[in-house]
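So the chains spell out like this:
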Amino acid sequence: MTKRIICALLTLIAVSARAEIKMPAFFADGMVLQQQTSCRLWGTTAKSATVSIITSWDKQAYQVKAASDGAFEVLLRTPEAGGPFTITLSEKSAQPSTLSLTCYVGEVWLCSGQSNMEMPMKGFKGQPVEGATEELLHGRDSLLHLFTVKRNPQLLPQSDVTGQWSEAETASVRDFSATAYFFGRALRRQLGVPVGLICTAFGGSACEAWMRAEWLRAFPQVQQTIAEEDVKRLQQRCPTALYNGQLAPLVGYAIRGAIWYQGEDNVPRYSFYAPLLKAMVEGWRSDWQQGDFPFYYCQIAPYDYSLIDWSGSQYLREQQLQAEALISHARMAVLLDAGLEYGIHPRKKRMAGERLALLALSNTYGVKGLPDFAAYSSVEFRGDTAVVAFDRSKEWVYFENGTTSNNFEVAGEDRIFHPAEVWTSRNRVYVRSADVKKPVAVRYAFHDWVVGDLMHDGLPVSSFRTDDW
């Protein structure tokens, strides 16, 4: 009996001593690596073991020695887009270990935010995605690969996530972010290369939750002392919790850029959203060490916030518009015509994803001939008429449903706004009201719920105001 126990213990010790090569969940079969760059791979193995890596695209061999805790990382030079390829990792310790990964090389995008990014193609219960059935019938694409990070708010930074890579097919598309999918599908069709999308989102999440504590020190309005109880109580609204659990493990995975659809939760705290978003983006870029990678984001769509006893989302939209000027290599997709009066989750996710793709294809990939979003630039007052001018408006502005709009208001020095008569000429909008003899301020669609109708080249112009009242 004693010998059997000793043998069993020795066997247990031998098995436990064996250290296999282990890597985070996103380094797995089906992953997409960013093309023509240095891609960082990392994991753990036996302490101080030497890990050999061979890439099938060029037969290049790399060697790296693991640290005393078994951690290792290596930079691989990736080729032009293609695949499938194989990456083979092996180490020769007392118990040799080998890991073989099948991958593709192409374009990789990080997709993050709150429920309108998280919202899957199947929609939420009683809240469908427009066009989902058609897409599930025809959306299969073996070169569009999807990875969803499981929700995981945490007090401290984590080293791994839960998730897996899947090809775009009916079942995987149904459960994947609709906005991100439509974005990736547009890139696939235009670029003709493999595309990998990593979606890390959480419904109802605050911008502050996706940031590190040191980035938040510039914002005294944000709670700085965080405990485990705060994470359990606040979840996705707890500052730093989603950075720790759902973003920190991804830092360093080579990407082309990021897309973002968030802001609804910050409506009650709209006043500092633009600098907050700037700090978040700059923090992500600093962590990734890939320079100022592109950041494209959705302006939140209109909704009747009185249904949840909130108001003032037009000020959050204004902050998002201002953020374009604050953040380098960032652009905003306007969704002023894509809202849902009684629902905070608009159905038009194809519109959101494809407008993000317009920005990426034009500004990151240099595709010519695509439309652009015009933006308010200045106003001139001529007697009883305000003349509003726009940037990026070479195709001229117009009203979607005819020659006029009900979305404009004008005020005089008494700061009382009145509905205005409006018309367009080239890239100018002319605004006046019989109730305002000497206008000093103009507002367009500056309410929680509106249906935007001022357009340029098929795309909506953001709501705006010329005053700072």
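About the criteria used
Residues numbered from 1 in each chain as written. Predicted model: local features only at pLDDT ≥ 70, side-chain atom pairs only at ≥ 80, totals over all residues. Heavy atoms only, no water. Pairing = 2+ DSSP bridges. Helix = DSSP H or I, 4+ residues; strand = E, 2+ residues; numbered from the N terminus. Axes fitted to C-alpha atoms, helices over the stretch in contact; angles between N-to-C directions. Phe/Tyr/Trp six-rings, centres within 6.5 Å; stacked < 30°, edge-to-face > 60°. Buried < 20%, exposed > 50% of the residue type's maximum accessible area, 1.4 Å probe, protein only. Lys NZ or Arg CZ within 6 Å of the ring centre and 35° of its normal. 1 Å grid on protein atoms, 1.4 Å probe; cavity = no way out; pocket = protein on both sides within 12 Å on 5 of 7 lines; lining within 4 Å. Points joined across faces, edges and corners; volume = space filled by probe spheres on them. Nonpolar A, V, L, I, M, F, W, Y, C, P; charged D, E, K, R; others polar. Salt bridge = Lys/Arg side-chain N within 4 Å of Asp/Glu carboxyl O. pLDDT = per-residue confidence, 0-100. Contact = heavy atoms within 4.5 Å.

Enquirer: Help me understand the sheet that holds strand β19 (residues 421-425), please; the structure alone is not making it clear to me.
Expert: Reading across the sheet, the four strands line up as β14-β15-β20-β19 and stay open at both edges, with antiparallel pairing between neighbours. The open sheet has two edge strands with one neighbour each: β14 (375-382) and β19. For this sheet, the mean inter-axis angle between neighbouring strands, taken without regard to orientation, is 25°. For β19 and strand β20 (residues 428-432), the ladder comprises five bridges, and the chain directions are antiparallel. Looking across to β20, one finds that Ser425 is bridged to Arg428.

Enquirer: Help me out: how do you make sense of the packing of aromatic side chains in this one?
Expert: One pair of aromatic rings is described through two measures. These are the centre distance and the angle between the planes. Under the definition given, this model contains 31 aromatic pairs. Between Trp109 and Tyr365, the ring centres sit 6.4 Å apart and the planes meet at 55°, which makes this aromatic pair tilted. Residue Trp109 is located in strand β7 (residues 97-113), and its partner Tyr365 is located in the loop between α11 (349-363) and β14; the two are separated by 256 residues in the primary sequence. Relative to Phe295, the ring of Trp260 lies with its centre 6.4 Å away and its plane at 40°, an arrangement referred to as tilted. Taken as a pair, Trp260 in strand β11 (residues 257-261) and Phe295 in strand β12 (residues 295-298) lie far apart in primary sequence, 35 residues in all. On the accessibility criterion, Trp260 (0% relative accessible area) is buried. Classification of Phe295 by relative accessible area gives buried; the value is 0%. Of the aromatic side chains, those joined through ring pairs into one cluster are Tyr376, Phe390, Phe399, Phe408, Tyr444 and Phe464. In this arrangement the basic side chain of Arg40 is found over the ring face of Trp42, its NZ or CZ atom lying 4.0 Å from the centre.

Enquirer: Hey, could you run me through the sheet that holds strand β23 (residues 459-460) in this one?
Expert: By way of backbone hydrogen bonds, the strands of a sheet pair with one another, either parallel or antiparallel. A sheet is described by the order of its strands in space; here three strands give the open sequence β16-β22-β23, paired in antiparallel fashion. The open sheet terminates on both sides in strands that have one partner only, identified here as β16 (397-399) and β23. As paired strands, strand β22 (residues 454-456) and β23 are joined by two bridges and run antiparallel to one another. Paired with Met455 across the two strands is Pro460, which belongs to β23.

Enquirer: Help me understand the layout of surface pockets, please; the structure alone is not making it clear to me.
Expert: Over the atoms rolls a probe the size of a water molecule, and in doing so it shows where empty space is left. Its boundaries defined by the atoms lining it, the largest pocket holds a volume of some 490 Å³. The wall of the largest pocket is formed by 21 residues, among which Thr148, Val149, Asp175, Phe176 and Ser177 lie closest to the centre. Going through the elements one at a time, β8 (141-148), α4 (170-174) and β10 (195-201) are the ones with two or more residues in the lining of the largest pocket. Ranked by residues supplied to the lining of the largest pocket, first place goes to β8 with three residues. In terms of residue class, the lining of the largest pocket is made up of nine nonpolar, seven polar and five charged.

Enquirer: Looking at this structure, how should I read the pattern of salt bridges?
Expert: Within the structure shown, the criterion is met by 25 salt bridges. A salt bridge links Arg151 to Glu118; the shortest N-O distance between them is 2.8 Å. Of the two residues, Arg151 is situated in the loop between β8 and β9 (165-168) and Glu118 in helix α2 (residues 115-118); the sequence distance between them amounts to 33 residues. Judged by relative accessible area, Arg151 falls into the partly exposed class, the value being 42%. A relative accessible area of 18% places Glu118 in the buried class. Across the pair Glu214 and Arg212 runs a salt bridge, and its minimum N-O distance is 2.5 Å. You can call Glu214 partly exposed: its relative accessible area is 34%. The class for Arg212 is partly exposed, based on a relative accessible area of 27%. Each member of the salt-bridge network shares a partner with another, and the members are Glu135, Arg185, Arg350 and Glu354.

Enquirer: I would appreciate a short explanation of empty space enclosed by the protein in the present structure.
Expert: Counted under the stated rule, the structure contains one cavity of 30 Å³ or more. If you add up the space inside the largest cavity, you get close to 40 Å³. Looking at the lining of the largest cavity, the elements with two or more residues in it are α10 (313-326) and β13 (330-333). By residue class, the composition of the lining of the largest cavity is six nonpolar, one polar and three charged.

Enquirer: What exactly am I supposed to notice about the confidence of the model for the chain here?
Expert: Interpreting fine coordinate detail is not advised for predicted regions of low pLDDT. Taken over all residues, the pLDDT of the chain has a mean of 95, while the share at 70 or more is 96%. Ignoring residues within four places in sequence, the model shows residues 5-17, a span with pLDDT below 50, making zero contacts including any to other chains.

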